[in-house]
Amino acid sequence: MTAADTSAVFTRTDETLGTFELRPLDPLTDAELLHHWVTHPKSAFYLLQDATLPDVEREFMSIAASPHHDAFLGLHNGSPAFLMERYDPRHVELAGLYPHQPGDIGMHFLCAPTRQPVHGFTRAVLTTVMAMLFADPDTHRVVVEPDIRNTAVHALNEAVGFRVDATLTKPEKEALLSFCTREQFRTATGVTPA
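Residues numbered from 1 in each chain as written. Predicted model: local features only at pLDDT ≥ 70, side-chain atom pairs only at ≥ 80, totals over all residues. Heavy atoms only, no water.

> How should the nonpolar core be read in this particular structure?
Soluble globular proteins tend to bury their nonpolar side chains together. In this structure, Met-107, Met-130 and Val-142 are the most contacted members of the largest nonpolar core, which totals 31 residues. With 10 residues, helix H3 (residues 121-135) is the single largest residue contributor to this core. Dropping the residues within four chain positions of it, Met-130 is found in contact with Met-107, Val-142, Val-160, Phe-162, Cys-180 and Phe-185. Of all hydrophobic cores here, the second largest spans 16 residues; its members include Trp-37, Tyr-46, Leu-48 and Leu-73. (Core = buried A, V, L, I, M, F, W, Y, C linked by side-chain atoms within 4.5 Å. Buried < 20%, exposed > 50% of the residue type's maximum accessible area, 1.4 Å probe, protein only. Helix = DSSP H or I, 4+ residues; strand = E, 2+ residues; numbered from the N terminus. Contact = heavy atoms within 4.5 Å.)

> Can you help me understand the sheet that holds strand S1 (residues 10-14) in this one?
Strand pairs in the sheet, formed through backbone hydrogen bonds, run parallel or antiparallel to each other. On the basis of which strands lie adjacent, the open sheet formed by eight strands has the order S1-S2-S3-S4-S5-S6-S8-S7 and mixed pairing. Two strands lie at the open edges of the sheet, namely S1 and strand S7 (163-170), each paired on one side alone. Mean inter-strand twist for the sheet, computed between neighbouring axes without regard to direction, equals 25 degrees. Where strand S4 (residues 79-87) lies against strand S5 (residues 104-111), six bridges are found, and the strand directions are antiparallel. For Met-84, the partnering residue across the bridge sits in S5 and is Phe-109. In the packing of helix H2 (residues 53-65) onto the sheet, contacts are made with strand S3 (69-76) and S4, and the angle to S3 comes to roughly 115 degrees. (Pairing = 2+ DSSP bridges. Axes fitted to C-alpha atoms, helices over the stretch in contact; angles between N-to-C directions.)

> I would appreciate a short explanation of the packing of helix H1 (residues 31-38) against H2 in the present structure.
Helix-helix packing: each pair is described by the crossing angle between the helix axes and the interaxial distance. As a packed pair, H1 and H2 sit with axes 9 Å apart at the nearest point and diverge in direction by 110 degrees. On the basis of the axis angle, H1 is roughly perpendicular to H2. Here Ala-31, Glu-32, Leu-34, His-35 and Val-38 of H1 lie close against H2, whose contacting residues are Leu-53, Val-56, Glu-57 and Phe-60. Among the residues forming the contact of H1 with H2, the class breakdown is six nonpolar, one polar and two charged. (Parallel < 35°, antiparallel > 145°, perpendicular 65-115°, else oblique. Nonpolar A, V, L, I, M, F, W, Y, C, P; charged D, E, K, R; others polar.)

> Explain the pairing of S3 to me, please; I cannot follow it from the model alone.
On a regular strand, one side chain projects to one face of the sheet and the next to the other, so that they alternate. Among the eight residues of S3, seven are classified as buried, and the element is accordingly described as predominantly covered. Pairing of strand S2 (residues 18-24) with S3, which is carried by five bridges, proceeds in the antiparallel orientation. Opposite Pro-24, over in S3, you have Phe-72 as the bridge partner. One ladder, built from eight bridges, connects S3 with S4; its direction is antiparallel. Note that in S4 the partner of Phe-72 across the bridge is Met-84.

> Would you mind going over the pairing of S5 with me for this structure?
Counting buried residues in S5 gives eight out of eight residues, a clear majority hidden from the surface. The two faces of S5 match: Asp-104, Gly-106, His-108 and Leu-110 on one face and Ile-105, Met-107, Phe-109 and Cys-111 on the other face are all buried. In the sheet, S5 pairs with strand S6 (residues 141-144) via three bridges, with the strands oriented parallel. Of the residues in S6, the one forming a bridge with Asp-104 is Arg-141. Tracing the backbone out of S5, into H3 and back to the parallel element S6 gives a crossover that is right-handed. (Right-handed = clockwise from strand over helix to strand, strands pointing away.)

> What should I look at first to understand the pattern of salt bridges in this one?
Where charged atoms from two side chains of opposite charge come close, those side chains can pair. This model, assessed by the stated rule, comprises 12 salt bridges. In this structure, the salt-bridge partner of Arg-186 is Glu-183, at a minimum N-O distance of 2.4 Å. Taken together, the residues Arg-186 and Glu-183, both in helix H5 (residues 182-189) and three residues apart, mark about one turn of the helix. Classification of Arg-186 as partly exposed rests on a relative accessible area of 27%. In this structure, a network of salt bridges that share partners links the residues Glu-93, Glu-145, Lys-170, Glu-172 and Lys-173. (Salt bridge = Lys/Arg side-chain N within 4 Å of Asp/Glu carboxyl O.)

Structure (structure tokens):
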């Protein structure tokens, strides 16, 4: 097995908080860091609270092997600070659960737990993630399905342009199916994806 290419694939500079980058996740070398993040009590909605280190390695190796799902490690001013997953909702997470449209892309994100929160950080991360997704001209709409109880992420989603469409019953949760078009994102954030 060869080492994963971990060069940055997307960079965005936030006027207040600095540089945000995304690079492909390496399931083996990043697993220990991710294990700490996903099992932290603040990450309960990521649904990996009881995962062991080998569980996390397997989860992200499975994502890396999928033609419909990939994961990225996010850096803030050069230090690991967040995780993003991108998926094709026709095949992963939402297959058969909603009327898919061409150009739909699904996304999950997680900010690293911290004892010293920075005002506006999570919103800057989500703005960066959305800008990366919309930098692909084939992406017309971002689809998310957060847990209905995750009120903090619902507010963040709305702040970057998401609109709730429906409540979905999934095996692991009740979810709020929400969509954000390129224009909704631009209007909400003032960011025009490259």
